[in-house]
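Chain residues, written in single-letter form:
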Amino acid sequence: MAFVSYEFLAFLAVFVLVYYVLPGRFRWMVLLAGSLLFYLASGIRYIVFLLITCVSIFGLTLWMERIHLAGKEEMKNQGMKGEEKKAFRAKLKKRQKHVLQLGLFVNLGILAVVKYTNFAIWNVNQWLHFFGGEGEFGFVSWALPLGISYYTLQALGYLLDVYHGKYEAEKNPFRLLLFLSFFPQVVQGPVSRFDKLKETLFEEHAWFGQRICRGMERMLWGFFKKLVVADRVAPVVMAVGQNPEELGGIYVLAGMLAYTLQLYGDFTGGIDIAIGCGELFGVELPENFDRPFSAESLAEYWRRWHMSLMQWFREYVFYPLAGSKSVSRIRKLGERFFGKKAASRLPMYIASLITWFFTGIWHGASWNFVIWGMVNGVILLASQEAAPLYRRFHKAYAFSNTPVYHRFMTLRTLMMVSAVQMFEYYASPLTAIRMFGDLAFVWDIGRLFDGSAALLGITLADFAVLFLSVPLFCLVGAIQAKEDIRLWVERKSGLVRFLVWFGLFLAVLILGVYGQGYDKQNFIYNQF
Amino acid sequence: MKQKIRTIGLALTVIVVLVGLQRLLQPKYMGQVIEGAFIGEYYKETTPHDLLILGDCEVYENISPVALWEEFGITSYIRGSANQLPAQSYYLLEDTLRYETPRAVLFHVAAMKMEGQDREAYNRMTMEGMKWSSSKWNAICETKMEEEYMLEYIFPLLRYHSRWQELEADDFTYYWKRDIVSHNGYYMRCDVKPAEGFPAARRQASYHFPDSSWEYLNRMEALCREKGIDLILMKSPSQYPAWPEEYEAQIEEYAKEHNLLYINCLEKQEEIGLDFSKDTYNGGLHLNLYGAEKLARYLGGRLQEEIGLPDHRREEELQRVWEQKCGFYYEQQEKQEEELRTCGFLKQFQ
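Here is what the cut-offs are and how they apply
Residues numbered from 1 in each chain as written. Chains lettered and ligands numbered in written order. Predicted model: local features only at pLDDT ≥ 70, side-chain atom pairs only at ≥ 80, totals over all residues. Heavy atoms only, no water. Helix = DSSP H or I, 4+ residues; strand = E, 2+ residues; numbered from the N terminus. Rg over C-alpha atoms; globule rule 2.2 N^0.38 Å. Buried < 20%, exposed > 50% of the residue type's maximum accessible area, 1.4 Å probe, protein only. Contact = heavy atoms within 4.5 Å. Areas by Shrake-Rupley, 256 points an atom, 1.4 Å probe, with all protein chains shown as cover. Lys, Arg positive; Asp, Glu negative; His and termini not counted. Charge placed at Lys NZ, Arg CZ, Asp CG, Glu CD. Buried area = accessible area lost by both parts, 1.4 Å probe. Polar contact = N/O pair within 3.5 Å; in protein donor to acceptor, adjacent residues only side chain to side chain. Nonpolar A, V, L, I, M, F, W, Y, C, P; charged D, E, K, R; others polar. Pairing = 2+ DSSP bridges. Right-handed = clockwise from strand over helix to strand, strands pointing away. Expected span 1.5 Å × (residues − 1). Phe/Tyr/Trp six-rings, centres within 6.5 Å; stacked < 30°, edge-to-face > 60°. Lys NZ or Arg CZ within 6 Å of the ring centre and 35° of its normal.

Novice: Could you give an account of the overall build of chain B, with specific residues and numbers?
Specialist: The number of helices and strands found in chain B is 15 helices and five strands. By the compact-globule yardstick of 20 Å for 350 residues, chain B fits well, its C-alpha radius of gyration being 21 Å. For chain B, the spread of C-alpha atoms along the three principal axes comes to 75 × 50 × 45 Å. Residues classed as buried in chain B amount to 56% of the 350 residues present. In chain B, of all internal contacts separated by at least 6 residues, the share reaching a separation of at least 24 is 82%. With the model as given, the accessible surface of chain B reaches about 16100 Å², and the carbon-plus-sulfur share is 50%. Where the 40 positive side-chain charges of chain B centre and where its 57 negative ones centre are 7 Å apart.

Novice: Summarise the interface of chain B and chain A; cite the residues concerned and give the values.
Specialist: In this complex, chain B contributes 44 residues to the contact, which on the side of chain A involves 29 residues. Carbon and sulfur atoms supply 62% of the area that chain B and chain A bury against each other, a total of about 3200 Å² over both sides. On the chain B side of the interface with chain A, the three residues burying the most area are Arg 119, His 161 and Trp 164 of chain B, jointly 18% of the side's total. Linking chain B with chain A are nine residue pairs in polar contact (both at pLDDT 80 or more), by the criterion used here. At the level of secondary structure, the elements contributing two or more residues to the side of chain B that touches chain A comprise α1 (2-25), α3 (57-60), α6 (120-127), α8 (150-154) and α9 (156-160) of chain B. The element best represented in the side of chain B that touches chain A is α1 of chain B, accounting for seven residues. Classifying every residue of the side of chain B that touches chain A by side-chain character gives 23 nonpolar, eight polar and 13 charged.

Novice: Mind laying out the side chain of Thr 413 of chain A, listing which residues take part and the relevant values?
Specialist: By secondary structure assignment, the location of Thr 413 of chain A is in helix α18 (residues 403-425). For Thr 413 of chain A, a relative accessible area of 2% corresponds to the buried category.

Novice: Help me get a handle on the pairing of strand β5 (residues 261-264) of chain B, residues and values and all.
Specialist: Residue and element names in this part refer to chain B. Across the two faces of β5 the burial is the same, with Leu 261 and Ile 263 and Tyr 262 and Asn 264 all buried. Two strands pair when backbone bridges link them, and strand β4 (residues 230-235) and β5 are joined in this way by four bridges, in the parallel orientation. Pairing of Met 234 across the sheet is with Ile 263, part of β5. Once the chain exits β4 it traverses helix α12 (residues 245-257) before rejoining the sheet at β5, and the crossover so formed is right-handed.

Novice: So, helix α13 (residues 325-338) of chain A: which residues are in play, and what are the values?
Specialist: End to end, α13 of chain A covers 19 Å across 14 residues, agreeing with the expected 20 Å (1.5 Å per residue, within 8%). Downstream of α13 of chain A by a residue or two, Gly 339 of chain A has a phi angle that is positive, lying close to 90 degrees.

Novice: Mind laying out the packing of aromatic side chains, listing which residues take part and the relevant values?
Specialist: Scanning the model with the defined rule gives 80 aromatic pairs over all chains in all. Summarising the aromatic geometry, the rings of Tyr 19 of chain A and Tyr 20 of chain A are spaced 4.9 Å apart at their centres and angled 85 degrees between planes, so their arrangement reads as edge-to-face. Neither residue differs from the other here; Tyr 19 of chain A and Tyr 20 of chain A are each classed as buried. Pairing Tyr 329 of chain B with Tyr 330 of chain B gives two aromatic rings, centres 5.3 Å apart and planes at 85 degrees, and the pair type is edge-to-face. Its relative accessible area of 1% is what places Tyr 329 of chain B among the buried residues. Members of the aromatic cluster, connected to one another through ring pairs, are Trp 221, Phe 224, Tyr 264, Phe 267, Phe 289, Phe 293, Tyr 301, Trp 302, Trp 305, Trp 356, Trp 372 and Phe 473 of chain A. One Lys or Arg, Lys 93 of chain A, reaches over the ring of Tyr 163 of chain A and ends 4.3 Å from the middle of that ring. For Lys 136 of chain B, the ring lying beneath its charged end belongs to Trp 132 of chain B, and the centroid distance is 4.5 Å.

Okay, here's the thing in structure tokens:
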């Protein structure tokens, strides 16, 4: 059930109604029922994967906790002290670690099998061909269970947090199931932490009109981004991406920027809808974006884009890797070759590149995404190395503190992000590299006017809508920089509030790309 | 109090804007495509009809109600549209019975072969014009295609929202009031495109009419029997080879079994006097005005003879109403013929 469907809106309306009609103590159960129904709508058999994750994580976290509590009891009963206590604790931690490893193995194993089997087969086939082998392995035709990439991350985050003793394990498996399957976030995030989400997820929320309105406002803005902008620019993205031979030169730039706009509208719009849905039930989902295109560097961009995911990778991949014994050993080895100072950076380099590798492959099972991730990682490390140079430059030249220079930095970051995204945009990394060449050397602006623009698949009116949407995003971003735009609108007069929200509603209703579209030719009777 | 007035004011504004936009964006069917207006025009009728004609394009393009009136004094109305399914014909009959009870219903059997709709636009043109009733609701529920939503019939704005890019002068000209474009459901075409023959019909895997078609024909028959209406089955003349013997046999048997009059005009083309080098506007598939008048004359004679439909030409009220209809009919005919003389084609339909 897609967010942008009549079915979803009807489903949501029914569940909001049932949620507030039932007594408070049943409300989280309504959310669970809704989430399971939503999940079942994507295919009955896929729920098995979700249940395996839930049951395994629930059982293993309780097991880890039992080891911890039983050990504590034993230490108390036997009056252990000093070295004995330390050794016993280490033994307990080791046992807990085995349980953790089992949890990681089961859940990462499921994700790896269902998401990456075809990628593995493709690579094996390439190697077979390379070595002159004939024939190849056939691909499997498994559909990916809904939200598996997201709920697996949430489940592993929860498992690791319980292992590290950040909070207690949940004793009710159904509550854990709700945390993993909460329907507004299961499709595309944000990736929530259990301790944060549970504060509002299981709370007995009373009906609060203003909160409901705010939820609807947030959803409306999400629908605008998704239906009016992302889905409108989609034909351009598809046309340029799928016809690199015909649409080269200046169209590479058009496709690149169109893809950035589509991704922004689609993803941030989807998250707005998810957060708005959460607000309808009084559940606060974490923010996932903080005006990403106001970033002046790639590092800042990644602190503002898909924040919950980046935080997850930072917390559960980067930091543990950077501080791991293996990386430490490599650092020590590096000291012999590069000296102590240079080698001290090695853990960060290694952890960073591995984290970006996983970030890339998490986004998609293809080399496009792996390369996209690695290029991001390399640029970030290079920027970090060049930071002293930047600082010197900024000190030496006064203009680097002017608004114009800051706008230039923002634009530069936007172009950099868009350019790197070409690796995921074009069908293969090689095509992307070839199109970089086109972008750099074959502009040929005249092609915009030779009729080939018709291949982009949008009308002048569509282009006008897109053209007007960008300044609107900038305006909203500028207000958001100072305060929540909804609070800003709330302070305006009733008439202005009405005009803003009704205008946005009309924009979605009329300009939104949904339904079957209208083609006059279809109405001409021609059943000859 | 002030707050209440403001809220009511805003709610009214929302409703007015949405209704206004919906009216603007819905197709008006006043230009090249006029068939979508036919079903709705029925509700503007002020006098009853003795004959209700139901079916697909082969009724609304092939029978002239004006000729039926002028020659036999039969009052008739065609409730037909493109690819109209038997289920839709049944619900249109049900809908019509809310307003009047005709003496006879003529159902065109060509659509019996259709299992479901193949183009959403045809469903729209058939059902959008119906007034809201349980008949319309059921018609939509039972014939809508997979990608269609009831919600989009209730709020057509959801269906036609993207027409903002294709608004034409007609959308503003006919914003408040639309013209009558049919002649009691008849689609007038005076142009001629002689028949040049069609390729032979392809063999089909099965020649059995789908269960849904039989179901609705049975329901039509039962409803007519209950209301004392004569149900007549008819197959229109055409050069297009779409009526194999197997179809014919099934309908013949059904008519015999239920004691219904079945008129297969395919076999009576000579008797009707059809000349497919002059009486068709699209190469022998459908009839033009001259062919439709010939077919009406043939059908009228048989219906009066075999069903006993009365001649109303001496009734003053009907005479007045039909005089107006005939005036409009001849005015349109003259307009089309004049255009054909000067341009060689009908601009409206190009």
